[in-house]
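Listed below, chain by chain, are the residues.
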Amino acid sequence: MSKVTVIGAGNVGATCANVLINEGIAHEVVLLDIKEGVSEGKAMDMMQAANILRLDATIKGVTNDYSATADSDVVIITSGIPRKPGMTREELIGVNAGIVKSVTENVLKYSPKAIIVCVSNPMDTMTYLIHKVSGLPKNQIIGMGGALDSARFRYYLSQAMGADYNDVDGFVIGGHGDTTMIPMTRLAVNRGVPASQYLDKETLAKVAADTMVGGATLTGLLGTSAWYAPGAAAASLVRAILNDSKAMITCSALLEGEYGEKDLCIGVPCILGKNGIEKIIEIELNDEEKELFAKSAAAVHKTNAALPC
């Protein structure tokens, strides 16, 4: 029986927990938050919904009681302050670094073998921080950003082509930031046919630009960070892990020479299975993509250097 813990019962964490039980991804979910009553109330609400939907899963809400998370197979960290309009993900680093460090240390007391999925922003840097704090093998720590960015890319592609988004495939590499992500327009397809056969260069460039500010667009509309797609993206990584599906999903992974980078967590295509990141896929980049990736990596290195610990 699989057990998954979600740390942080805010919009993203609660959505992720709800997807986990609604889709039958996890049999047991623990939702933990620092604020009294929030996780308990949301878990109770979800269980009542589960009864209506006749779901075979349980969810328990707890306030700052990490003992309830013991022996989790996967732990998802969503803790931290969300973005507000006009804020970059990088501006969250000071506060969120302290939160993520504390959460990681508490998680490891009770689930030292868990695979950790990081959602907290700035996501690549928080994923890197978890590596430094935990000392876990690199395969056990996964940053969620690329899965979300790729979904946004496929949405904008489908809108531009007037296509069913389930027929569209495409992915984003690089940092999870408005200026650092790299939508791979060259490799995007609709039912296997290159997107470039449907869209001209200007339209493809607009799709890429819209993708890069996809999070900021939603923050401007909502007044806070998005949550439905981020929560679902995190749950999709858990599904790939628990089902040992060997799915290729873009994730923030620790590079040790891949793509010419090291000591860096950044979005690259990964094979996910029961051991977490089972393989990093090195796709062949053209000269322009190599230059963009190098610039993205440099920006993430710079953000990492600002970590307070």
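(A) Quick look at the pattern of salt bridges. Taken as a whole, this structure holds 10 salt bridges when the rule is applied. With a shortest N-O distance of 3.0 Å, Arg191 and Asp167 are connected by a salt bridge. Highlighted residues: Arg191 in the loop between strand E10 (189–190) and strand E11 (193–194) and Asp167 in the loop between helix H5 (145–161) and strand E7 (168–169), separated in sequence by 24 residues. Of the charged contacts, one joins Lys295 and Glu291 as a salt bridge, the two residues approaching to 3.5 Å between their closest N and O atoms.

(B) Seen up close, unusual backbone geometry. Here Asn121 and Pro122 are connected by a cis peptide whose omega angle stands at -5°. Along the chain, Pro122 falls in the loop between strand E5 (115–118) and helix H4 (123–134). One non-glycine residue with positive phi stands out, namely Asn64, at about 55°. Structurally, the position occupied by Asn64 is in the loop between strand E3 (58–63) and strand E4 (74–77). Positive phi values are uncommon outside glycine, yet Lys246 reaches one of about 60°. Within the secondary structure, Lys246 is located in the loop between helix H8 (228–242) and strand E12 (247–256).

(C) Expanded view of a nonpolar patch on the surface. There is a patch of nonpolar side chains on the surface, built from Leu218, Leu221 and Leu222 and spanning about 290 Å² of accessible area. Structurally, the position occupied by Leu221 is in helix H7 (residues 214–222).

(D) Region of the structure containing the sheet that holds E11. Taken together, the 3 strands give an open sheet; going across it, the order is E7-E10-E11, and neighbouring strands pair in antiparallel fashion. The open sheet has two edge strands, E7 and E11, and neither has a second partner. Two elements, E10 and E11, share 2 bridges in a ladder whose sense is antiparallel. Bridged to Asn190 within E11 is Val193.

(E) Quick look at the nonpolar core. Within the largest apolar cluster, 57 residues are counted, with the highest numbers of intra-cluster contacts made by Leu20, Ile76, Leu237, Val268, Leu272 and Phe293. Looking at this core, the element that brings in the most residues is H8, giving 7 residues. Excluding residues within four positions of it along the chain, Leu237 makes contact with Val117, Ile142, Gly143, Met144, Ala147, Ile249, Cys251 and Leu272. Counting residues in hydrophobic clusters, the runner-up holds 26 residues, among them Val30, Ile116, Tyr128 and Cys265.

(F) Structural context of the environment of Glu23. Assignment of secondary structure puts Glu23 in the loop between helix H1 (11–22) and strand E2 (28–33). With 32 residues separating them along the chain, Glu23 and Leu55 place their C-alpha atoms 8.9 Å apart.

(G) Representation of the packing of H4 against helix H9 (residues 287–305). Two numbers describe how H4 lies on H9: the axes approach to 9 Å, and their chain directions differ by 60°. Taken together, the axes of H4 and H9 are oblique relative to one another. Both H4 and H9 take part in a crossing whose hand is right-handed. On the side of H4, the interface is formed by Asp124, Thr125 and Tyr128, while H9 contributes Val300, Thr303 and Asn304. Looking at the contact of H4 with H9, its residues break down into 2 nonpolar, 3 polar and 1 charged.

(H) Representation of the packing of aromatic side chains. Taken as a whole, this structure holds 3 aromatic pairs when the rule is applied. Between Trp227 and Tyr228, the ring centres sit 5.4 Å apart and the planes meet at 50°, which makes this aromatic pair tilted. Under the relative-accessibility criterion, Tyr228 is labelled exposed at 61%.

About the thresholds
Per chain, the residues get numbers from 1 upward, laid out in the order the sequence is written. For this predicted model, a pLDDT threshold of at least 70 governs which residues receive local features, and a threshold of 80 or more governs which side-chain atom pairs are given and counted, while totals over whole chains, interfaces and linings are taken from all residues. Processing note: side-chain calculations cover all non-hydrogen atoms of the structure and skip hydrogens and water entirely. Each salt bridge in this description consists of a side-chain nitrogen of Lys or Arg and a carboxyl oxygen of Asp or Glu lying within 4 Å of one another. Numbering of helices and strands runs from the N terminus; a helix is a DSSP stretch of H or I covering at least four residues, while a strand is a stretch of E covering at least two. The residues that make up patches have over 30% relative accessible area and no salt bridge, and they are joined within 9 Å when like-charged or within 5 Å when they are Val, Leu, Ile, Met, Phe, Trp or Tyr. Values of accessible area rely on a 1.4 Å probe in the Shrake-Rupley scheme; residue burial ignores everything except the protein chains shown. Pairing between strands is defined by DSSP: at least two bridges between them are needed. Working definition of a nonpolar core: buried Ala, Val, Leu, Ile, Met, Phe, Trp, Tyr and Cys residues. They are joined through side-chain atoms within 4.5 Å. Buried means the residue's accessible area, taken with a 1.4 Å probe over protein chains only, is under 20% of the maximum for its type, while exposed means over 50%, and partly exposed covers the values in between. Only heavy atoms enter the contact rule, under which two residues are in contact if any of them lie within 4.5 Å. Angles run from 0 to 180 degrees between N-to-C directions of axes, and those axes are lines fitted to C-alpha atoms, restricted for helices to the stretch in contact. Oblique is the label for every angle not falling under 35 degrees (roughly parallel), over 145 degrees (roughly antiparallel), or within 65 to 115 degrees (roughly perpendicular). Here a crossing is called left-handed whenever its near helix is offset anticlockwise from the far helix by less than a right angle, and right-handed whenever the offset is clockwise. Gly falls in the polar group here, along with every residue not listed as nonpolar (Ala, Val, Leu, Ile, Met, Phe, Trp, Tyr, Cys, Pro) or charged (Asp, Glu, Lys, Arg). Each aromatic pair joins two rings of Phe, Tyr and Trp (for Trp, the six-membered one) with centres within 6.5 Å, and gets the label stacked for planes under 30 degrees apart, edge-to-face for over 60, and tilted for any other angle.

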